[in-house]
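Chain by chain, the residues run as shown.
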Amino acid sequence: MSTGLILGIESSCDETAAAVVRRGTETLSNVVASQIATHAPYGGVVPELASREHLRNIVPVVRTAVSEAGITLQDLDAIAVTEGPGLAGALLVGITYAKSLAYALNKPLIAVNHLEGHIHAVLLQQPQVESEPLPLPALALVVSGGHTHLYLAHRSGESWHYRNVGHTVDDAAGEAFDKVAKLLGLGYPGGPWIDALAPHGNPKAVPFSFAQIKPKVYRKNTRASQHERQFFFSFSGIKTAVLRYVQTHDLFAPIEVRRSALSQISHPKPADALPLCDEEALNLIASFQRAVVDDLRRKTFQAAEAFDAASILVSGGVAANRELRLRFAAEAAERKLPIAFPSLALSTDNAAMVAAAAWPKLLDKEYASPQLSAEPSLALGR
Ligand code: KG4
Ligand code: ZN
């Protein structure tokens, strides 16, 4: 008899994660082994180290997820795993383990796109999914360390469909947070540090501007010759603008003082950096965050309008940002558009989102082949 229980496994980047979710909505366990401490000294994810850590963590993480859920492996209906996008070696650890488990237990294997997982992190938590669903189509912004994408998400029957209506042409927004934090002598990953320090500065102090890349209009080759717009983001320019500001305002010396003071602290936290930041540094941090958040907000709502979206959904690591949540929520309220974010724990990478995204696929019997392999550049939608 079907239990609706899916074990999700996620290993696309620097978190080894496993979770058990019932019928795509009820999280029984959600275990994440973070590799932040491993990669922090390098200021970014080192792919070889990530694969090694996944190998070390995958067995205990899956065992913990199953035991915390209070079930046995035999109770599962399916095993779901992230197929891509992500780091090839990292993805392969999760995929190989999931394949072996599915084979040994004689259970279906389901492949999940990591980006679809982020979208389902929100849908997983929508209250009363049946009685009060998020109105569709939803305009979904997936914004993380590796991705900045806009999707129009809709549903037919149990299946979800996505149309990619925007993306970054260079860095992801989270990458900009990480690189700017590194440049300013803050910790890794940079997003939570900038998030915590920004409220102490003046967001209007440094007028950063974004090159506006005009939305492209494609003429689709159909009889009705419909138009389709694409919205573009670019975050490499603001990173260079922060560097120029640091150079022209002679900020390298105070940055080095901060970097060295934080390196003396074991497991430094953003609160440790506050007394090490003067007004000028805090203003720079606040202005950077405001500029990025406003650019994300402007284009997301423009796209929602262009595509007649009935709701907004924001997900991915950067969706944990407090200023982003406030400013998106304010604009959504003004436009009377429902908006949804995942809880903070489900904003960053996790496996509950993978198990949740796999539920409609299980209902549709959309199983992966035994030849499933890592797809580092897997795209979502058309
Ligand atoms: O979704 P995620 O865990 O991994 C990827 O799929 O990339 O996102 C990690 C990214 C990092 O760039 C991190 O700095 C950013 O999310 N991030 C934040 C915050 N928390 C995490 N960015 C801004 N504000 C935050 N509070
Ligand atoms: Zn992610």
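It should be emphasised that the depicted structure is a prediction, and the values quoted were computed from it without experimental measurement. (Residues numbered from 1 in each chain as written. Chains lettered and ligands numbered in written order. Predicted model: local features only at pLDDT ≥ 70, side-chain atom pairs only at ≥ 80, totals over all residues. Heavy atoms only, no water.)

*Asks:* Even after reading the chapter, I still don't get the side chain of histidine 54, so can you show me in this structure?
*Replies:* For histidine 54, the position within the fold is in helix α2 (residues 47-68). Using a relative accessible area of 0% as the deciding quantity, one classes histidine 54 as buried. Here the side chain of histidine 54 touches threonine 16 through a polar contact of 2.8 Å, side chain to side chain. Excluding residues within four positions of it along the chain, histidine 54 makes contact with Ser11, Cys13, Asp14, Glu15, Thr16, Gln35, Ala90 and Val93. (Helix = DSSP H or I, 4+ residues; strand = E, 2+ residues; numbered from the N terminus. Buried < 20%, exposed > 50% of the residue type's maximum accessible area, 1.4 Å probe, protein only. Polar contact = N/O pair within 3.5 Å; in protein donor to acceptor, adjacent residues only side chain to side chain. Contact = heavy atoms within 4.5 Å.)

*Asks:* Would you mind showing me how to read the environment of glycine 174 here?
*Replies:* The residue glycine 174 is located in helix α5 (residues 173-183) in this model. Judged by its relative accessible area of 5%, glycine 174 falls in the buried class. Expressed as a C-alpha distance, the spacing of glycine 174 and phenylalanine 235, which sit 61 residues apart in the sequence, is 9.2 Å. In contact with glycine 174, other than residues within four places in its own chain, are Ser144, Gly145 and Val318.

*Asks:* Help me understand the site of ligand 1 in this model?
*Replies:* As a matter of local geometry, ligand 1 sits amid 20 residues, with Gly145, Asp178, Gly191, Asp195 and Asp349 nearest to it. Between serine 144 and ligand 1, the recorded distance is 3.2 Å, taken from a side-chain N or O atom to an oxygen atom. Between ligand 1 and the protein, one listed contact pairs an oxygen atom with a backbone N or O atom of glycine 317 at 3.0 Å. Protein chains bury 90% of the 550 Å² of accessible surface belonging to ligand 1 in isolation. Among the secondary structure elements, those contributing two or more residues to the shell around ligand 1 are α4 (114-123), α5 and α6 (190-197). Among the elements that line the shell around ligand 1, the one with the most residues is α6, at four residues. (Near = heavy atom within 4 Å. Areas by Shrake-Rupley, 256 points an atom, 1.4 Å probe, with all protein chains shown as cover.)

*Asks:* Can you help me understand the nonpolar core in this one?
*Replies:* Generally speaking, soluble globular proteins have nonpolar side chains that are buried together. Within the largest apolar cluster, 57 residues are counted, with the highest numbers of intra-cluster contacts made by Leu184, Leu186, Phe288 and Leu296. The dominant element in this core, judged by the number of residues it contributes, is helix α10 (residues 279-306), at 13 residues. Excluding anything up to four places from it in sequence, phenylalanine 288 contacts Ala176, Phe177, Val180, Ile194, Phe208, Ile238 and Val242. Core analysis: the next-biggest nonpolar cluster, separate from the first, contains 28 residues, Val61, Val81, Ala102 and Ala111 among them. (Core = buried A, V, L, I, M, F, W, Y, C linked by side-chain atoms within 4.5 Å.)

*Asks:* Looking at this model, I keep getting lost on the coordination of the zinc ion (ligand 2). Mind explaining?
*Replies:* Under ideal tetrahedral coordination, the four donors around a metal are separated by 109.5 degrees; under ideal octahedral coordination, the six donors are separated by 90 or 180 degrees. Distances from the zinc ion (ligand 2) to its protein donors, His114 (NE2), His118 (NE2) and Asp349 (OD), fall at 2.1 Å. Geometry at the zinc ion (ligand 2) is irregular, judged from the four donor atoms that bind it and their angles of 95 to 142° at the metal. Mapped onto the sequence, the residues coordinating the zinc ion (ligand 2) show the spacing H-x3-H-x230-D. With histidine 114 in helix α4 and aspartate 349 in the loop between α12 (344-347) and α13 (352-363), the pair connects residues that are 235 residues apart, well separated along the chain. Considered together, histidine 114 and aspartate 349 belong to a single accessibility category, that of buried residues. (Donors = N, O, S within 2.8 Å, 3.2 Å for Na, K, Ca; no water. Tetrahedral: all angles 85-135°; square planar, octahedral: opposite > 155°, others 65-115°.)

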